[in-house]
Amino acid sequence: MGGGTRLENANPLIFQRSGERQLTTEEEDEEFADPIDDREIFDLIRTINDPEHPLSLEELNVVEQVRVRVSDDDSTVSVEFTPTIPHCSMATLIGLSIKVKLLRSLPERFKIDVHITPGAHASEQAVNKQLGDKERVAAALENSHLLEVVNQCLSGRS
């Protein structure tokens with residue numbers, strides 16, 4: 001965010017981060033094929049940086065494990081996210097960051113659906129339409145400036 005830019009949500013509520021997931025012996029064993037589950041997907045997306053604040057999506061309660069659904073057998077992942085305010089102009093960027101993180105992290109067999117929690121955003125249908133359109137997502141990622149912003153959201157904090 002550049003200097004002098006006004007924040008849409010200058011004082012967001014900050015939530016406690018969930019603890020690190022304890023891996024089982026089977027999950028640590030590379031020979032054992034364990035299915036991908038909701039917590040594994042949540043762990044991938046919870047540390048994504050918010051584009052406006054020096055906080056993670058988990059800390060802002062934008063993503064929650066209860067809003068992640070996975071079917072390893074059907075190769076589907078569905079993530080609902082909740083912007084911090086109903087008119088958040090960053091909603092599409094947040095959704096795109098979640099989608100890119102999952103596209104980069106999961107096997108190609110997975111169909112990934114990222115959408116806004118119903119009733120949580122004024123432009124919910126428009127944002128969901130953009131995030132659900134493969135051509136629009138691909139075109140967005142061809143924009144070098146937008147890709148740089150997404151990569152900043154995906155990079156770890158210092």
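Bear in mind that the values here come from a model prediction, so they are computed numbers and not experimental data.

Considering the sheet that holds strand β2 (residues 76-81)
Item 1. The sheet built from three strands is open, its strands ordered β1-β2-β3 with mixed pairing. Both outer strands of the open sheet, β1 (68-71) and β3 (111-116), are each paired with one neighbouring strand and no more. Shown here is a sheet whose adjacent strand axes are inclined to one another by a mean of 10°, direction ignored.
Item 2. Both β1 and β2 contribute to a ladder of four bridges, which runs antiparallel. Its bridge partner lying in β2, V70 is registered against V77.
Item 3. Packed on one face of the sheet, helix α4 (residues 124-132) meets β2 and β3 and runs near 160° to β3.

What about the pattern of salt bridges?
Item 1. Counted according to the given criterion, the structure contains eight salt bridges.
Item 2. Note that D43 is salt-bridged to R39, the shortest N-O span being 2.8 Å. Taken together, the residues D43 and R39, both in helix α2 (residues 38-45) and four residues apart, mark about one turn of the helix.
Item 3. By relative accessible area, D43 is classed as partly exposed at 24%.
Item 4. R39 gets classed as buried once you look at its relative accessible area, which sits at 16%.
Item 5. For E80, the salt bridge goes to R67, with nearest N and O atoms at 3.2 Å. With E80 in strand β2 and R67 in the loop between α2 and β1, the pair connects residues that are 13 residues apart, well separated along the chain.
Item 6. Classification of R67 as partly exposed rests on a relative accessible area of 27%.
Item 7. Residues joined in a network through salt bridges with shared partners are R39, D43, R46 and E58.

Notes on α4
Item 1. For α4, every residue scored as buried is listed here: E124, V127 and L131. Looking straight down α4, one finds that the buried residues subtend no more than 70° of arc, so they occupy a single side. Structural note: α4 exposes Q125, K129 and G132 on the side pointing more than 90 degrees away from its buried face.

Some thoughts on the packing of helix α3 (residues 91-105) against α4
Item 1. Where α3 meets α4, the axes come as close as 10 Å, and the angle between the chain directions of the two elements is 30°. Relative to α4, the element α3 lies roughly parallel. Judged by the twist between their axes, the crossing of α3 over α4 is right-handed. In this structure, α3 contributes A91, T92, G95, L96 and K99 to the contact, and α4 contributes V127, Q130, L131 and G132.
Item 2. Taken together, the residues that form the contact of α3 with α4 break down as four nonpolar, four polar and one charged.

Some remarks on the pairing of β3
Item 1. The sheet contact formed by β2 and β3 spans six bridges and is parallel. When the bridges of β3 are listed, V79 appears paired with V114.
Item 2. Crossover handedness for the path β2 to α3 to β3: right-handed.

Some remarks on the packing of α3 against helix α5 (residues 134-142)
Item 1. Running from amino to carboxyl end, α3 crosses α5 at an angle of 95°, the nearest separation of the two axes being 12 Å. With respect to α5, the axis of α3 lies roughly perpendicular. Contact residues: α3 offers L96, K99 and V100, while α5 offers V137, A140 and L141.
Item 2. Of the residues in the contact of α3 with α5, the class split is five nonpolar, no polar and one charged.

What counts and what doesn't
- Residues numbered from 1 in each chain as written.
- Predicted model: local features only at pLDDT ≥ 70, side-chain atom pairs only at ≥ 80, totals over all residues.
- Heavy atoms only, no water.
- Pairing = 2+ DSSP bridges.
- Helix = DSSP H or I, 4+ residues; strand = E, 2+ residues; numbered from the N terminus.
- Axes fitted to C-alpha atoms, helices over the stretch in contact; angles between N-to-C directions.
- Contact = heavy atoms within 4.5 Å.
- Salt bridge = Lys/Arg side-chain N within 4 Å of Asp/Glu carboxyl O.
- Buried < 20%, exposed > 50% of the residue type's maximum accessible area, 1.4 Å probe, protein only.
- Arc of directions from axis to C-beta.
- Parallel < 35°, antiparallel > 145°, perpendicular 65-115°, else oblique.
- Left-handed = near helix turned anticlockwise from the far one by under 90°.
- Nonpolar A, V, L, I, M, F, W, Y, C, P; charged D, E, K, R; others polar.
- Right-handed = clockwise from strand over helix to strand, strands pointing away.

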